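Close look at the chain arrangement
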Amino acid sequence: MSTPRKSPKRPAIRTASAPSGRPPSGAGARPADLLVDRLVDRPADDEIWPRVTRELADDLAVDALTRDRAGKAPFDEVARLQEAGLPALLTAPGPNRRGADWRAACAVVREISAADSSVGELLAHHYALSWSSRFFGPLRDAGPAQPTGAARTSATSRTSGASHPPAPELDARTAEERWLLAGGIEPPRNETEPGLTLTPADSGGGWFLDGRRAFASAVTVADRFVVAARPGGTGDLLVVLVDPAGSGVFTDGGTERVGQRLAGAGTVTFDRVPVAPEDVLGVLPHDEHAVAPFTTLAPLALRLLLVQVGLGIAEGALAEARDISRADQAGPGAGGHVGGPSASDGSAPVGTGDDPYLLLAYGELATAAHAAAAVVERATDALTHGLLAGWSLGVEERADIAVLVAAAETVTGRAAVHITTRILELVDGTAGADVRGGGPGFDRFWRNARALTAPTQAAHRLRDIGDHYLNGTHPRLTLLA
């Protein structure tokens, strides 16, 4: 049953020792707030971010199985993310900002997903949505590399003629307010789907938002929703920012899922929700020929971040299985040393990995993971360069990025399902893998991989790749993820 969304009371955030940085700005600030403040002031390429990510991943891995079995709304997981400062990581360069790039964001999502892929998916959607105003928003400066006309219609011109100063970019606002974002900007897949609609307010400008949409993450824990809605049911889509705690917003966590149970998927109903003019982030043109190539990087960015989640699942499952197999091969005589005692010449531990079939299996799985990682890295580099190009990005460059992302999606999806399926066979019967004895519960990796990859049509991706390779055809400039 849908219920009005209220601002939840999240669990108390555990304090942590803050790295060296500027002194606290307020005597009454909470320890966790001071930690985030100090982290935010560190440059993105500083070694602090990999360390913070690694520590959070280790923390999530400790009770990942317990939380997965409980299947509760991810309030505690969001608190841990906020404590680490990771939702504020991906911010464009500027005064007092880290300027983290998409490589850093992808690396964070991948490592977090190896420990808990539900949290990784939640963070992936947040990062993609945080750049909505950059992909769709009104122009800030009129430069030669920026398109004009229908391709970049100002959203503020659609708010009852009112004039409002441009708001800060959403990623900057998200970092400053420490928001967690959820929602989706994809238009309806066909004209028969009503989607979300906007009705002009009677006075004072702005809109009223109505409709119902299902979202993949953070429905019950988000601080703001980013959604696309159609004014009057026709024409271009407007991307708007909505407060979940506002009047007329009803959330439904949905039924229990097979996998990605802690991502917080569910349905949101909007019933005459007021949208202020300054909360209109941008425009999605109805005519795909009017869409700038840079704008169409938005769904590619989300897809690549979700690919990082899938790769993290495969790598996390493989690492867990390796530890179990090492402990099982070492046997009770290992004296607590994983891998057993060393051989007399020091070349290898005695009793470790002496089964040729086990070696063959792990060799196959490790190769599949390495191959997927190589394809993903190439797609990540291409997308990062495309985002840096901004509005000067051309159609050819965008087509190359789309093909690389599709290839990464296909290869990684197949690898994740294959690796997690095969691992269930490899660890079957080993003492350390028994969930009743405190083992990691390897079925969750398989369930998460299946739930994450099920919506993807691999055949469609491969067809687009083949058409581009054989005929030089460009993938459509579509905004569908």
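Every chain is numbered on its own, with residues counted from 1 as its sequence reads. In view of the model being predicted, local features appear only for residues whose pLDDT reaches at least 70, and side-chain atom pairs are presented and counted only at 80 or more, with totals across whole chains, interfaces and linings using the full set of residues. Excluded from the side-chain calculations are hydrogens and water; all other atoms, namely the structure's heavy atoms, are used.

Brief notes about empty space enclosed by the protein
Cavities and pockets were defined on a 1 Å grid built over protein atoms only: a cavity is a set of grid points that admits a 1.4 Å probe from which the probe cannot escape, a pocket is an open set flanked by protein on both sides within 12 Å along at least five of seven lines, and lining residues are those with an atom within 4 Å of any such point. Grid points are joined across faces, edges and corners, and a volume is the space filled by probe spheres set on the points. Per the counting criterion, the structure on display carries 3 cavities of 30 Å³ or more. What the largest cavity holds in volume is close to 50 Å³. For the largest cavity, the full set of lining residues is Ala64, Asp68, Asp116, Ser117, Ser118, Leu262, Arg444 and Asn448. When residues of the lining of the largest cavity are traced back to their parent elements, those giving at least two are helix H3 (64-70), helix H6 (117-130) and helix H12 (443-453). Tallied by class, residues from the lining of the largest cavity come to 2 nonpolar, 3 polar and 3 charged. Counting from the N terminus, the helices are the DSSP runs of H or I reaching at least four residues and the strands are the DSSP runs of E reaching at least two. Classification used: nonpolar for Ala, Val, Leu, Ile, Met, Phe, Trp, Tyr, Cys and Pro, charged for Asp, Glu, Lys and Arg, polar for all others including Gly.

Examining helix H2 (residues 48-62)
Here the expected length of a helix is defined as 1.5 Å per residue gap, with one fewer gap than residues. Taking 1.5 Å of rise per residue, 15 residues should cover 21 Å, and H2 covers 22 Å from first to last C-alpha, within 8% of that figure. For H2, the set of buried residues is Ile48, Trp49, Val52, Thr53, Leu56, Ala57 and Leu60. One face of H2 carries all of its buried residues, which in axial projection span an arc of 165 degrees. With a 1.4 Å probe rolled over the protein chains alone, any residue whose accessible area is under 20% of its type maximum counts as buried; one over 50% counts as exposed, and the rest are partly exposed. Regarding the arc, it is the one traced by the directions from the helix axis to the C-beta atoms.

So, the pairing of strand E8 (residues 266-275)
In short, DSSP must find at least two bridges between two strands for them to pair. Relative to E8, strand E4 (residues 207-215) runs antiparallel, the two being bridged by 8 bridges. Its bridge partner being in E8, phenylalanine 215 is matched across the sheet by glycine 266. Bridging between strand E7 (residues 249-252) and E8 involves 4 bridges; their strand directions are antiparallel. By the bridge assignment, valine 249 is partnered in E8 with phenylalanine 270.

Notes on the packing of aromatic side chains
Think of it this way: a Phe, Tyr or Trp ring, Trp meaning its six-membered ring, pairs with another when their centres are within 6.5 Å, and the plane angle makes it stacked under 30 degrees, edge-to-face over 60, tilted otherwise. All chains considered together, the criterion is met by 8 aromatic pairs. With a centroid separation of 5.6 Å and 85 degrees between ring planes, the pair formed by tryptophan 102 and tryptophan 131 is classed as edge-to-face. With tryptophan 102 in helix H5 (residues 102-115) and tryptophan 131 in the loop between H6 and helix H7 (132-136), this pair connects stretches of sequence that are 29 residues apart. For the pair tryptophan 102 and tryptophan 131, one class covers both residues: buried.

Re the nonpolar core
Joining through side-chain atoms within 4.5 Å is the link that ties buried Ala, Val, Leu, Ile, Met, Phe, Trp, Tyr and Cys residues into a set, and such a set is a nonpolar core. Membership of the largest hydrophobic core comes to 112 residues, with the highest contact counts inside it found for Leu86, Tyr127, Leu209 and Phe270. Top contributing element to this core by residue count: helix H9 (residues 297-330), with 16 residues. When residues no more than four places from it in sequence are discounted, the contact partners of leucine 209 are Leu196, Thr197, Leu198, Val227, Ala229, Val242, Phe270, Asp271, Arg272, Val273 and Val275. Here a residue-residue contact requires only that any non-hydrogen atoms of the pair lie within 4.5 Å.

Digging into the environment of alanine 389
Locating alanine 389 in the fold gives a position in helix H10 (residues 356-389). On the basis of relative accessibility, which here comes to 30%, the residue alanine 389 falls in the partly exposed class. Along the chain, alanine 389 and phenylalanine 294 lie 95 residues apart, while their C-alpha atoms are 8.3 Å from each other.

Things to note about the packing of helix H11 (residues 395-426) against H12
One way to put it is that H11 packs onto H12 with a least axis distance of 9 Å and a crossing angle of 155 degrees. When the axis of H11 is compared with that of H12, the two are roughly antiparallel. Considering how the two elements wind past one another, H11 and H12 form a crossing that is left-handed. Counted together, Gly413, Ala416, Val417, Thr420, Thr421 and Leu424 of H11 and Asp443, Phe445, Trp446, Ala449, Arg450 and Thr453 of H12 form the full contact between these two elements. Convention adopted: a line fitted to C-alpha atoms gives each axis, helices being fitted over their contacting stretch, and angles between N-to-C directions are expressed from 0 to 180 degrees. An angle counts as roughly parallel when it lies under 35 degrees, as roughly antiparallel when it exceeds 145, as roughly perpendicular when it falls between 65 and 115, and as oblique in every other case. For a crossing to be left-handed, the near helix must be turned anticlockwise from the far one by less than a right angle; the clockwise case is right-handed.

Some words on the side chain of glutamate 409
Structurally, glutamate 409 can be placed in helix H11. Residue classification places glutamate 409 among the buried positions, given a relative accessible area of 11%. One polar contact links glutamate 409 to arginine 303, side chain to side chain, over a distance of 2.9 Å. Polar contacts, as used here, are pairs of N or O atoms within 3.5 Å; protein pairs need one atom able to donate a hydrogen and one able to accept it. Residues neighboring in sequence count only if both atoms are side-chain atoms. There is a polar contact of 2.7 Å between the side chain of glutamate 409 and the side chain of arginine 461.

Here we look at the confidence of the model for the protein
pLDDT measures the predictor's confidence residue by residue and takes values from 0 up to 100. Per-residue confidence for the protein averages 78 on the pLDDT scale, and 71% of its residues sit at or above 70. Note on residues 5-41: pLDDT under 50 across the span, and 65 contacts to partners over four residues away in sequence or across chains. Scored below 50 in pLDDT, residues 139-166 makes 47 contacts in the model with residues more than four places away or belonging to other chains.

Looking at the packing of H5 against H6
Two elements in contact, H5 and H6, have axes separated by 6 Å at closest approach and are oriented at 160 degrees. For the element pair H5 / H6, the angle class is roughly antiparallel. For the element pair H5 and H6, the recorded crossing hand is right-handed. In contact with Trp102, Ala105, Val108, Val109, Ile112, Ser113 and Ala115 of H5, H6 contributes Ser117, Val119, Gly120, Leu123, Ala124, Tyr127 and Ala128. The residue inventory of the contact of H5 with H6, partitioned by class, reads 11 nonpolar, 3 polar and no charged.

Considerations on unusual backbone geometry
For alanine 218, which is not glycine, the phi dihedral falls at a positive 55 degrees. Of note, alanine 218 is situated in the loop between E4 and strand E5 (224-231). Of note, glutamine 260 is a non-glycine position whose phi angle comes to about 50 degrees, a positive value. Tracing the backbone through its elements, the reader meets glutamine 260 in the loop between E7 and E8.

Some points on the pattern of salt bridges
Salt bridge, as used here, is a side-chain nitrogen of Lys or Arg placed within 4 Å of a carboxyl oxygen of Asp or Glu. Taken as a whole, this structure holds 24 salt bridges when the rule is applied. Salt bridges sharing common partners tie together Asp59, Asp63, Arg67, Asp76, Glu77, Arg80 and Asp116.

Some thoughts on the side chain of histidine 126
Here histidine 126 shows up in helix H6. Taking the relative accessible area as the measure of exposure, histidine 126 reaches 0% and is therefore buried. In this view, histidine 126 contacts Pro87, Thr174, Trp179, Leu180 and Leu181; residues no more than four positions away in its chain are not counted.

Focus on the pairing of strand E9 (residues 280-284)
In summary, the side chains of a regular strand alternate between the two faces of the sheet. The buried fraction of E9 amounts to 5 of the 5 residues, a majority that puts the element mostly inside the structure. Where strand E6 (residues 237-242) and E9 come together, 4 bridges link them in antiparallel fashion. For valine 240, the partnering residue across the bridge sits in E9 and is valine 280.

A word on H10
With 34 residues, H10 should reach 50 Å at 1.5 Å per residue; the first-to-last C-alpha distance of 50 Å fits that figure. Positive phi shows up at glycine 390, right after H10, with a value of about 65 degrees.

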